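# Tertiary structure, described
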Amino acid sequence: MRPYLMIAAAMLLGACSQETAAPAEPVLPAVVDTPAPSETVSPATETLPASPAAPVEIALAPAPQAPASPAPSQPVQQPAAAQRDARMVGIWVNEDIINSGGANFASYTTVMTMELHPDGRVIQYTESIGGGGDWSYDGGRTIDFDGQWRADGQTLFVYAAPLPDFTPAATYSFSGEYLVTQSDMGRLIWQRRG
């Protein structure tokens with residue numbers, strides 16, 4: 001192989017092995033005369049330039065990045081009103097009543113209320129009351145959830161800290177004037193109260 005071809009090959013190999021973080025200052029290649037037929041050149045004594053005359057660009061695929069989650073102190077961007085099923089807006093109530101039979105009659109009622117506001121706010125709370133012949137109970141109001149909602153016609157999504165984003169809460173459908181939801185709480189039937 002001719003010496004100038006060996007130099008070009010070595011320059012190309014040197015370009016591929018250089019680090020891309022800190023490019024070296026450009027160095028002009030040494031001018032090598034073609035030896036006369038009577039001259040012999042030893043590859044062991046040749047001096048190669050420190051860097052190639054023209055930089056070689058190597059395209060690297062970007063490292064995959066994990067999706068960013070909003071910081072807990074930053075509110076999630078509100079979905080557009082079109083992402084809220086208008087049929088869902090209102091105050092919905094689910095009542096569970098347990099009555100005992102016999103001479104010592106008692107009743108225990110749990111009322112869950114879900115308020116879905118048109119601006120995207122959702123509040124769900126539970127109230128429990130009960131009583132019998134010689135006792136009564138009033139559990140007061142307990143807030144179950146206070147955050148944001150959206151719905152796409154099949155699934156109700158909710159968001160509140162510490163959730164990272166809107167999360168499916170239940171599937172839903174309508175049966176006449178009733179809202180029917182299916183979630184980890186089972187099948188619930190809600191009646192509109194407002």
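Residues numbered from 1 in each chain as written. Predicted model: local features only at pLDDT ≥ 70, side-chain atom pairs only at ≥ 80, totals over all residues. Heavy atoms only, no water.

### Topic: the overall build of the protein
If you tally the helices and strands in the protein, you get one helix and eight strands. Taken from the N to the C terminus, the helices and strands of the protein come in the order α-β-β-β-β-β-β-β-β. For the protein, the accessible area works out to roughly 13,700 Å², and carbon and sulfur atoms hold 57% of it. (Helix = DSSP H or I, 4+ residues; strand = E, 2+ residues; numbered from the N terminus. Areas by Shrake-Rupley, 256 points an atom, 1.4 Å probe, with all protein chains shown as cover.)

### A word on the pairing of strand β2 (residues 106–116)
Burial runs high along β2: eight of the 11 residues are buried. The pairing of strand β1 (residues 90–99) with β2 spans 10 bridges and is classified as antiparallel. The partner of Asn-99 across the bridge, within β2, is Ser-107. With antiparallel pairing between neighbouring strands as the criterion, β1 and β2 make up a hairpin whose turn holds six residues, including Gly-102 at a positive phi of roughly 90°. (Buried < 20%, exposed > 50% of the residue type's maximum accessible area, 1.4 Å probe, protein only. Pairing = 2+ DSSP bridges.)

### Considerations on the packing of aromatic side chains
Throughout the structure, instances matching the rule amount to four aromatic pairs. Their ring planes at 45° and their centres at 5.9 Å tell us that Tyr-159 and Phe-166 sit as a pair that is tilted. Here Phe-166 falls in the buried class, since its relative accessible area comes to 14%. Centroid distance Tyr-172 to Phe-174: 6.0 Å. Interplanar angle 85°. Geometry classified as edge-to-face. Taken together, Trp-92, Tyr-172 and Phe-174 form an aromatic cluster joined through their ring pairs. The aromatic ring of Tyr-125 is capped on one face by Arg-141, whose charged end is 3.9 Å from the ring centroid. In this structure, Arg-150 packs its charged tip against the face of Phe-166, placed 5.3 Å from the ring centre. (Phe/Tyr/Trp six-rings, centres within 6.5 Å; stacked < 30°, edge-to-face > 60°. Lys NZ or Arg CZ within 6 Å of the ring centre and 35° of its normal.)

### As for the sheet that holds strand β4 (residues 136–151)
Strand order in the closed barrel formed by eight strands is β1-β2-β3-β4-β5-β6-β7-β8, with antiparallel pairing between adjacent strands. If you compare each strand with its neighbour and ignore which way they point, the axes differ by 35° on average. Relative to strand β7 (residues 178–183), strand β6 (residues 167–175) is paired through five bridges, and the arrangement is antiparallel. Looking across to β7, one finds that Ser-175 is bridged to Tyr-178. (Axes fitted to C-alpha atoms, helices over the stretch in contact; angles between N-to-C directions.)

### Comments concerning the environment of Gly-133
Following the sequence through the fold, Gly-133 ends up in the loop between β3 (121–132) and β4. For the pair Gly-133 and Ala-106, spaced 27 residues apart in the sequence, the C-alpha separation amounts to 7.0 Å.

### What to know about the environment of Gly-131
Residue position: Gly-131 is located in strand β3. For the pair Gly-131 and Phe-105, spaced 26 residues apart in sequence, the C-alpha to C-alpha distance is 8.8 Å. Beyond its immediate stretch of four places on either side in the chain, Gly-131 contacts Ala-106, Ser-107 and Ser-136. (Contact = heavy atoms within 4.5 Å.)

### Concerning unusual backbone geometry
Most peptide bonds adopt trans geometry, and most residues besides glycine take a negative phi value. Residue Pro-162 is reached from Ala-161 by a cis peptide bond, and omega for that bond is 10°. Position of Pro-162 among the secondary structure elements: in the loop between β5 (155–159) and β6.

### So, the environment of Tyr-178
On the secondary structure map, Tyr-178 appears in strand β7. Taking the C-alpha atoms as reference points, Tyr-178 and Val-93, separated by 85 residues in sequence, lie 9.9 Å from one another.

### Overview of the nonpolar core
Among the nonpolar cores identified, the biggest contains 14 residues, and Met-88, Met-114, Leu-116, Trp-149, Leu-156, Leu-179 and Trp-190 are the most heavily contacted of them. Those elements giving two or more residues to this core turn out to be β2, β4, β5 and β8 (186–192). At three residues, β2 tops the list of elements feeding residues into this core. (Core = buried A, V, L, I, M, F, W, Y, C linked by side-chain atoms within 4.5 Å.)

### With respect to the pairing of β6
Pairing of β5 with β6 involves four bridges; the strand directions are antiparallel. By the bridge assignment for β6, Thr-155 is matched with Thr-171. As consecutive antiparallel partners, β6 and β7 are separated by two residues, and within that stretch Gly-176 has a phi angle of approximately 65°, a positive value.

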